[in-house]
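So you can see what is in the structure, the chains are spelled out below.
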Amino acid sequence: MHVGLIAGNGRFPFLVLEAAKRAGHQVTVIALKEEAFPELENDAARPPAATLHRISLGQLGKWVGVLKRAGVTHAVMAGQVKHTKLFADIVPDLTALGLLMRLKAKNTDAIIAGVVDVLREHGIEMIDSTALLQPLLAKPGVLTRRAPDEGEAADFAFGYRVADTIAGMDVGQTIVVKSNAVVAVEAMEGTDDTIARAGQLAGAGTRIVKVAKPKQDMRFDVPVVGVATIRAMIAAGATALTVDAGKTLMIDGDAIVDAANAANICIIGRQVI
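Everything in this summary refers to the structure shown in the same document. Just so it is clear, the structure is predicted and the values come from calculations on it, not from any experiment.

On to the overall build of the protein, then. For the protein, the helix and strand inventory stands at nine helices and 13 strands. In terms of overall size, the protein behaves like a compact globule, its C-alpha atoms giving a radius of gyration of 19 Å where 273 residues would be expected to give roughly 19 Å. Overall size of the protein, expressed as C-alpha extent along the three principal axes, is 55 × 40 × 30 Å. Relative to its 273 residues, the protein shows a buried fraction of 50%. Long-range pairs, those at least 24 residues apart, make up 75% of the contacts in the protein between residues at least 6 apart in sequence. The centroid of the 29 positive side-chain charges in the protein is displaced by 2 Å from the centroid of its 29 negative side-chain charges.

As structure tokens, then:
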């Protein structure tokens, strides 16, 4: 199969690219100019080489043209695209402008669903972004040496109700809780910045609740945590992290658990239906 990879920032695109190559797929990469790490070009060039095109976020018509000319019929979205980019100096082409004008809302779900529709109209089907990375999905239960203590468990139980509501409204997927109070809610700034802000507001002892959306579409915007998340927690004095099992990518594999254990941070995977 010839797979298209639409790559934002972070390590997620690197992992998808390597997994696709190992599976024997041809890969054409659309590296979003404003987001994708430059090192992705080196990974694409390594045999078996993938073709990489660095294209602006707003040039949706150009994405479609490149993928169609390559014979791509299935594509994967991987990596973060910061929503704030929509308010920066992005110049949409006619295809992107037409999409934006059709949308009733400019939230993450609406925009990405619109992109998926445009690609489908051109014979390119978006597939599950975790399909090649199943071993990296969070497992259920306590994932670290230390289980949550009574206070952390209470904060998690409180936080789930709020986080599920916020995620369902497509505001963000992370909240930070301390002593049954919401300290910070993720919006456009991303998880690590939310954790840092919570540390500034409430000091040490915060707990991080990261959830999937109630009807999470695994083709895009899948929750991701990694060693960088643990580093942000250490800097902020956060003590515990909960993620949704089977719907959250632990992008650094065992390294994230090792980093958490070294910092006496507990991680649990919430079992969700």
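Picking up where we left off.
By secondary structure assignment, the location of Asp 193 is in helix α7 (residues 191–202). A residue is classified by how much of its surface remains accessible, and Asp 193, at 44% relative accessible area, is partly exposed. Separated by 57 residues in the primary sequence, Asp 193 and Leu 136 place their C-alpha atoms 23 Å from one another.

Strand order in the open sheet made by the five strands is β3-β2-β1-β4-β5, with parallel pairing throughout. Looking at strand neighbours, the two that pair on one side only are β3 (51–55) and β5 (125–126), the edges of this open sheet. One ladder, built from five bridges, connects strand β2 (residues 26–32) with β3; its direction is parallel. Bridging across to β3, Ala 31 finds its partner in Arg 54. Across the sheet, helix α1 (residues 12–22) touches β1 (2–7), β2 and β4 (74–78), and the angle it forms with β4 is around 145°.

The next thing to look at is helix α5 (residues 108–121). Between the first and last C-alpha of α5 there are 20 Å, a value that for 14 residues agrees with the 20 Å anticipated at 1.5 Å per step. By the burial criterion, the buried members of α5 are Ile 111, Ile 112, Gly 114, Val 115, Val 116, Val 118 and Leu 119. The inward-facing, buried residues of α5 contact β1, α3 (60–69), β4, α4 (94–102) and β5. Of the residues flanking the end of α5, it is Gly 123, one or two places downstream, whose phi is positive at about 80°.

Turning to unusual backbone geometry, a few remarks are in order. Following Pro 47, the chain continues to Pro 48 via a peptide bond in cis, the omega torsion being -10°. Considering the arrangement of structural elements, one finds Pro 48 in the loop between α2 (40–45) and β3. Positioned with a positive phi, Asp 221 is a non-glycine residue whose angle comes to about 55°. Mapped onto the elements, Asp 221 comes out in the loop between β9 (207–210) and β10 (224–225). At Asn 264, a position not held by glycine, the phi torsion is positive, near 60°. By the element assignment, Asn 264 lies in the loop between α9 (254–262) and β13 (266–270).

Calculation criteria
- Residues numbered from 1 in each chain as written.
- Predicted model: local features only at pLDDT ≥ 70, side-chain atom pairs only at ≥ 80, totals over all residues.
- Heavy atoms only, no water.
- Helix = DSSP H or I, 4+ residues; strand = E, 2+ residues; numbered from the N terminus.
- Rg over C-alpha atoms; globule rule 2.2 N^0.38 Å.
- Buried < 20%, exposed > 50% of the residue type's maximum accessible area, 1.4 Å probe, protein only.
- Contact = heavy atoms within 4.5 Å.
- Lys, Arg positive; Asp, Glu negative; His and termini not counted.
- Charge placed at Lys NZ, Arg CZ, Asp CG, Glu CD.
- Pairing = 2+ DSSP bridges.
- Axes fitted to C-alpha atoms, helices over the stretch in contact; angles between N-to-C directions.
- Expected span 1.5 Å × (residues − 1).

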